[in-house]
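Take a look at the letters that make up each chain.
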Amino acid sequence: MRRTIIIVGLIGLVVSLFLVGSYYALFRYRTFPPAADQPMETLDVPYLERSVELSERGAEDPIWQRVPSKTLPLAPQVTAIPWGRASVPEVTVAAFHNGERIFFRLQWRDPTEDHQLGRDVFSDACAVMLPLVEHPQPNTIMMGFLEGANIWAWKAARDAQVWGGDSARVQSERPYADYYYPFEPREVFPITNEPIPSAVEDLVARGVGTLTPRAHQRVQGRGFWKKGMWTVILTRALAADGAADEAALPIGGTRAVAFAVWDGAKGDRGARKSITGWVRLRVWPAEAPAGASGR
Amino acid sequence: MREGYVLGLIPETWRFELTRFPWVRRLLKSRWMPLALILFNVFLFTVILMAGFFGGLTSPGNYNFGIMIVWILWWVLLMTVLVPVLSRFWCTMCPLPFLGEWLQRLRLFSVRYERGRNPYFGLNKRWPRSLSNMWLMNILFLATTFASGFFTVRPAATFVLLAAIIALSVVLSLIYRARTFCLYVCPVSGFQGLYSNFALTEVRVKDPEICARHKQKGCVVGNERGYGCPWLLLPYAFRRNTYCGMCFECLKTCEYDNMAVNLRPPGVDLLVDEKRGLDEAYKALIMLGIAIVFFVTFQGPWGTLKDWANAATLSGYLTFIGLHASWNLLVLPAIFLLFVWGARRAARQSVPLKKVYVNFSYATVPLGLAAWIAFSLGIILPNGSYLLHVLSDPFAWGWNLFGTAHFPWTPVLTGLMPYLMILTLLIGLLFSIDIALKIARQTFAEPEAAVRGAFPILGFLGATTLGLLWLFVG
Amino acid sequence: MKRSLAELSPPEVLKVAIWIEERNARIYENYAEMFEWYEPDVARTFREMAREEREHGRRLNAMYAERYGEATCDLTDEDIRELVEAPIFEDGEAFVYDRVRRRQALEVGLLAERRARAFYMESAERVEEAALRALFRELAEIEAEHEAFFVRKLAEDRAAPSAES
């Protein structure tokens, strides 16, 4: 009898400890890691009283010599299928602002210029991702929770349509969603071809499978392929439009930023891409400390 | 393929006795083994529980010691090394039933042996006969995966799960005899048992004749050197790894040093044509099904599915549970049934359909294990670098114990990952085909009927592999 | 150095047979101990079987005393090469699946007796010496009686209302 009482008591103790512990764990505690996901690299965005035009001259403008750049390693995207295939090893990034606009320049090696779309033909592309909040909660494994991000997605095929490179061919190759006669190899009545305002899509995403164009497309850009190298300039007004789905870039502040590159010739498209880790983007004010801008 | 050879290469009877080395035998016969390993894991899991306790519901999973060690490191090690190579070696050192077993024995190190037996504290009741199989573990493991979206991202959920397991193991240890919790309840025990039949390691009798002559079987009833098998096996007679928890008590109790730890070819226990049952068949299919669901949910591009699994809405979560359960309990077993029915028709033999179904289910084990290994590669290679962070700052209190708290997320060998996954799946398929052909010969008496009967099963295995390849590396 | 049963003299064979019965009784007692906590009915059956083996041993002892008087013999079952009549409960996962009933216990005994009878018969065929051959035949007959005992017990078990199918 005494033994039974002891056993029942022990069982009661264990169950009580479990219930109390679970209550406290579930409802009382919450700890954020203070050192979580701190980017190792910093990309300084100096203030320069200049602009660059969206042209080949702009891409090679000597001003880029005065802007600090970072060469960032790229890794295949493997969080969601289809996975990347390590098609581009690195991207060199530089950025500056003139108080009104911010300019990014992305450069990466690519032996082929792919600006066409078709069946199993994919375009080269790159993107800049800016989280929508100042201190984004770090990504978490498996479930891919994100705070939401504003993504500037430049695509060579789009660029060709906007800026006229080989435009006729691009038009005819472009897939449509209005009507498709199944026995024709491609769309024969391209009647819903909306005008494209920019080579860069201004997008927003809140987790996997939620990529959506923003109502206001405010990012411009243009890319040039020369001697096996893409150079792409992207620019947007520094001041945000106030919408909740646009990333703010306050002067004097730091934000997280990440970059992605697609090599169409190697089958990159959609989630199949190469990505950088987070980089700290430091937007310097006009009166930047000595040595903060330039090389 | 040659009869009696694994993949036509290694004789199924080939064994290499690891305990032939005196230091290995001494180590395994010492009462420090596995106690030292268990005590280390008790410390580790104490830290894990604390990290889960203080982590709350909203801390990011990849910066939580509990989540990273349990779901990234432990799970991946379990699936890639421990089970396929070392059988149930995790059970050897598992700290979760430690408290319960301690209470039962009332000894930590020494052996309690009084009046010719090992007395145990507790009510020492018998587990109900109707539950003496894998069904409960099947249901509990499946139910646990309903909450997998929480366990991998919410530290408190991991705390509750582990604490529940510990509490339940203590309660059951006080009511029931021996390792009842491990045998019939522990959610991860069932698949370890089934998949351990593929493992490269075993604990077995060396010379059965010695046991036949032996009058006092200490391996079952215990003696002053050790406890009778806590896993309720008769160590002198068992022939499969399924329920051997590798506690090495039988090595300690055997007066003739007649127990051995052997290396052996993979998969040989899957050919042991006894004790096969529908519970284990379902376990095999559930494991295969869950591997697919996990991959689709956690690594697939379907954000809606992630939202469902994460209970963004109640209706979405219930939909996830409904689909997940239906897929594993109804759809996949029904698809397999179709192939099995085809196998029976093709063989033109009057073997009961249930027997054909159960027998061939064991052929899915290598492929299922390969699917889990491939899935695990997709977890550890991109996310393993977070481990360095949590080692330095286990409670997210800003510590930097080893100077790695600020180590950034660094995917490792992710470019090679698809190739490693393809290789893993193809190796799994190869073993599954080998097992399926041999089981066909066991199931259908005539050799020609066996060949005919194997084809539909090979079709199932091939189609499953193609599906997995498409999912993993599409 | 272990010897074959066929190499022994008749008194030695008989002595070893006595030891075998004693060993089996102890094995059954151990099985009873194994099953005590688990299934008292099975344990009881094993105890009965142990008693039965002791009874066999006594009968053989009496036979030995009658034939060879006080002659001593140091041989035991451990000294012979062959494994004769060793009952072995071979279901290694019996406890796990909770499937053991009285019938399985009786079957263990039946199988051991059958093996023993077959062994003695075979030995009788092989040995040249007439006295030894006669003894082996005699032992085979005794084992046949024991076998009949288990067959009867199994039939009773099957007929009992609580018997498992």
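Keep in mind that this is a model prediction, so the values were computed, not measured.

### Points about the overall build of chain C
Of the regular secondary structure elements, chain C holds 5 helices and 0 strands. Taken over the C-alpha trace, chain C has a radius of gyration of 17 Å; the compact-globule value for 165 residues is 15 Å, and the two agree within 12%. For chain C, the spread of C-alpha atoms along the three principal axes comes to 50 × 30 × 25 Å. Here chain C holds 165 residues, and 52% of them are scored as buried. Partitioning the contacts of chain C with sequence separation of at least 6, the portion at a separation of at least 24 is 81%. Accessible surface computed for chain C: about 7700 Å², of which carbon and sulfur atoms make up 49%. Placing the 26 positive and 39 negative side-chain charges of chain C at their respective mean positions leaves the two points 2 Å apart.

### Section: the overall build of chain B
Counting its regular elements, chain B contains 21 helices and 5 strands. Taking 474 residues into account, the globule formula puts the C-alpha radius of gyration at 23 Å, and chain B, at 23 Å, falls close to it. Projecting the C-alpha coordinates of chain B onto the three principal axes gives extents of approximately 60 × 60 × 40 Å. For chain B, the proportion of its 474 residues judged to be buried stands at 65%. Of the roughly 16900 Å² of accessible surface on chain B, a fraction of 70% belongs to carbon and sulfur atoms. The centroid of the 41 positive side-chain charges in chain B is displaced by 4 Å from the centroid of its 22 negative side-chain charges.

### A word on helix α1 (residues 22-29) of chain B
Residues and elements named next belong to chain B. Residues V24, R25 and L28 constitute the buried set of α1. The buried residues of α1 occupy an angular sector of 95° when the element is viewed end-on, so they sit on one face. Opposite its buried face, α1 presents the exposed residues P22, W23 and R26, each directed more than 90 degrees away. Residues of α1 that are buried in the fold lie against β3 (16-17), α2 (32-55), α13 (249-253) and β5 (259-263).

### Comments concerning the interface of chain C and chain B
Contacts between the two partners involve 31 residues from chain C, matched on the other side by 29 residues from chain B. Of the roughly 3000 Å² buried between chain C and chain B, counting both surfaces, carbon and sulfur atoms make up 51%. Together, W37, V96 and Y97 of chain C form the three largest contributors to the area buried by chain C at its contact with chain B, with a combined 22%. Residue D91 of chain C pairs with K275 of chain B through a salt bridge whose shortest N-O separation is 2.8 Å. Applying the counting rule to chain C against chain B returns 15 residue pairs in polar contact (both at pLDDT 80 or more). Here the side of chain C that touches chain B gets 7 residues from one element, more than from any other, and that element is helix α1 (residues 10-36) of chain C. Split by residue class, the side of chain C that touches chain B holds 13 nonpolar, 2 polar and 16 charged.

### A look at the nonpolar core
W75, Y236 and W372 of chain B together with F35, F46 and F89 of chain C are the most contacted members of the largest nonpolar core, which has 202 residues in total. Looking at this core element by element, the count peaks at 15 residues for helix α14 (residues 278-299) of chain B. Beyond its immediate sequence surroundings of up to four residues, W75 of chain B is in contact with V70, F141, V188, F191, W372 and S376 of chain B. With 33 residues, the next largest nonpolar core counts V93, W154, A199 and V261 of chain A among its residues.

### Some words on the interface of chain B and chain A
Contact residues are listed per partner, giving 66 residues for chain B and 44 residues for chain A. Joining chain B to chain A, the criterion identifies 0 salt bridges. On the surface where chain B and chain A come into contact, there are 2 residue pairs in polar contact (both at pLDDT 80 or more). Grouping the constituent residues of the side of chain B that touches chain A by class yields 44 nonpolar, 20 polar and 2 charged.

### Structural notes on the packing of aromatic side chains
Applying the stated rule across the entire model yields 62 aromatic pairs over all chains. Aromatic pair F104 of chain A and W152 of chain A: ring centres 5.7 Å apart, planes at 80°, arrangement edge-to-face. Placement of F104 of chain A in strand β5 (residues 101-109) and of W152 of chain A in strand β7 (residues 149-155) is noted, with a sequence separation of 48 residues between them. Accessibility classification places F104 of chain A together with W152 of chain A in one group, the buried group. Note that R105 of chain B overlies the ring of Y227 of chain B, its terminal NZ or CZ placed 3.9 Å from the centroid. Stacked on the ring of Y362 of chain B, the Lys or Arg R276 of chain B has its end atom at 5.4 Å from the ring centre.

### Description of the sheet that holds strand β4 (residues 90-97) of chain A
The strands making up a sheet are joined through hydrogen bonds of the backbone, oriented either antiparallel or parallel. Residues and elements named next belong to chain A. An order of β2-β4-β5-β11-β10 is seen for the 5 strands of this open sheet, with the pairing classed as antiparallel. The open sheet has two edge strands, β2 (69-73) and β10 (220-226), and neither has a second partner. The average angle at which neighbouring strand axes cross in this sheet is 20°, direction not considered. Docked against the sheet, helix α3 (residues 156-163) engages β10 and β11 (229-237), running at close to 105° with respect to β10.

### With respect to the packing of α14 of chain B against helix α17 (residues 353-361) of chain B
All names here are of chain B. Packing of α14 against α17 leaves a shortest axis separation of 8 Å and a crossing angle of 50°. By the angle class used here, α14 and α17 are oblique. When you trace α14 past α17, the crossing you get is left-handed. Between α14 and α17, the residues in contact are L278, A281, A284 and L285 and K354, Y357, V358 and S361, respectively. When grouped by side-chain class, the residues that make up the contact of α14 with α17 number 6 nonpolar, 1 polar and 1 charged.

### Description of the packing of helix α2 (residues 40-68) of chain C against helix α4 (residues 102-126) of chain C
Residues and elements named next belong to chain C. Running from N to C, α2 and α4 cross one another at 25°; their axes reach a closest spacing of 8 Å. The orientation of α2 with respect to α4, classified from their angle, is roughly parallel. The hand of the α2/α4 crossing is right-handed. Contacts from D41, V42, T45, F46, E48, M49, E53 and H56 in α2 reach R102, A105, L106, G109 and E113 in α4. Looking at side-chain class alone, the contact of α2 with α4 contains 5 nonpolar, 3 polar and 5 charged residues.

### As for the sheet that holds β5 of chain B
Residue and element names in this part refer to chain B. A sheet is described by the order of its strands in space; here 3 strands give the open sequence β3-β5-β4, paired in antiparallel fashion. At either margin of the open sheet sits one strand with a lone partner, and together these are β3 and β4 (201-205). Relative to β5, β4 is paired through 5 bridges, and the arrangement is antiparallel. When the bridges of β5 are listed, R204 appears paired with A260.

### Details of the pairing of β4 of chain A
Residues and elements named next belong to chain A. When you tally the buried positions in β4, you get 6 out of 8 residues, the bulk of the element. Here 5 bridges tie β2 to β4, and the two strands are oriented antiparallel to one another. Across the sheet, the residue bridging to K70 is V93, located in β4. Across 6 bridges, the pairing between β4 and β5 is antiparallel. Following the sheet pairing, F96 is matched in β5 by F103. Hairpin connection between β4 and β5: a loop of 3 residues separates the two successive antiparallel strands, and G99 in this loop has a positive phi of roughly 90°.

### Digging into α14 of chain B
Across its 22 residues, α14 of chain B extends 31 Å between first and last C-alpha, which sits within 8% of the 32 Å expected from 1.5 Å per residue. The buried fraction of α14 of chain B amounts to 21 of the 22 residues, a majority that puts the element mostly inside the structure.

### So, the side chain of T235 of chain A
Residues and elements named next belong to chain A. Note on placement: T235 falls in strand β11. In this structure T235 comes out as buried when scored by relative accessible area, which is 4%. Side-chain polar atoms of T235 contact the side chain of R101, separated by 3.0 Å. Of note is the side chain of T235, whose polar atom sits 2.9 Å from the backbone oxygen of I102. With sequence-adjacent residues up to four places away left out, T235 is seen in contact with L54, R101, I102, F103, R218, V219 and Q220.

Calculation criteria
Residues numbered from 1 in each chain as written. Chains lettered and ligands numbered in written order. Predicted model: local features only at pLDDT ≥ 70, side-chain atom pairs only at ≥ 80, totals over all residues. Heavy atoms only, no water. Helix = DSSP H or I, 4+ residues; strand = E, 2+ residues; numbered from the N terminus. Rg over C-alpha atoms; globule rule 2.2 N^0.38 Å. Buried < 20%, exposed > 50% of the residue type's maximum accessible area, 1.4 Å probe, protein only. Contact = heavy atoms within 4.5 Å. Areas by Shrake-Rupley, 256 points an atom, 1.4 Å probe, with all protein chains shown as cover. Lys, Arg positive; Asp, Glu negative; His and termini not counted. Charge placed at Lys NZ, Arg CZ, Asp CG, Glu CD. Arc of directions from axis to C-beta. Buried area = accessible area lost by both parts, 1.4 Å probe. Salt bridge = Lys/Arg side-chain N within 4 Å of Asp/Glu carboxyl O. Polar contact = N/O pair within 3.5 Å; in protein donor to acceptor, adjacent residues only side chain to side chain. Nonpolar A, V, L, I, M, F, W, Y, C, P; charged D, E, K, R; others polar. Core = buried A, V, L, I, M, F, W, Y, C linked by side-chain atoms within 4.5 Å. Phe/Tyr/Trp six-rings, centres within 6.5 Å; stacked < 30°, edge-to-face > 60°. Lys NZ or Arg CZ within 6 Å of the ring centre and 35° of its normal. Pairing = 2+ DSSP bridges. Axes fitted to C-alpha atoms, helices over the stretch in contact; angles between N-to-C directions. Parallel < 35°, antiparallel > 145°, perpendicular 65-115°, else oblique. Left-handed = near helix turned anticlockwise from the far one by under 90°. Expected span 1.5 Å × (residues − 1).

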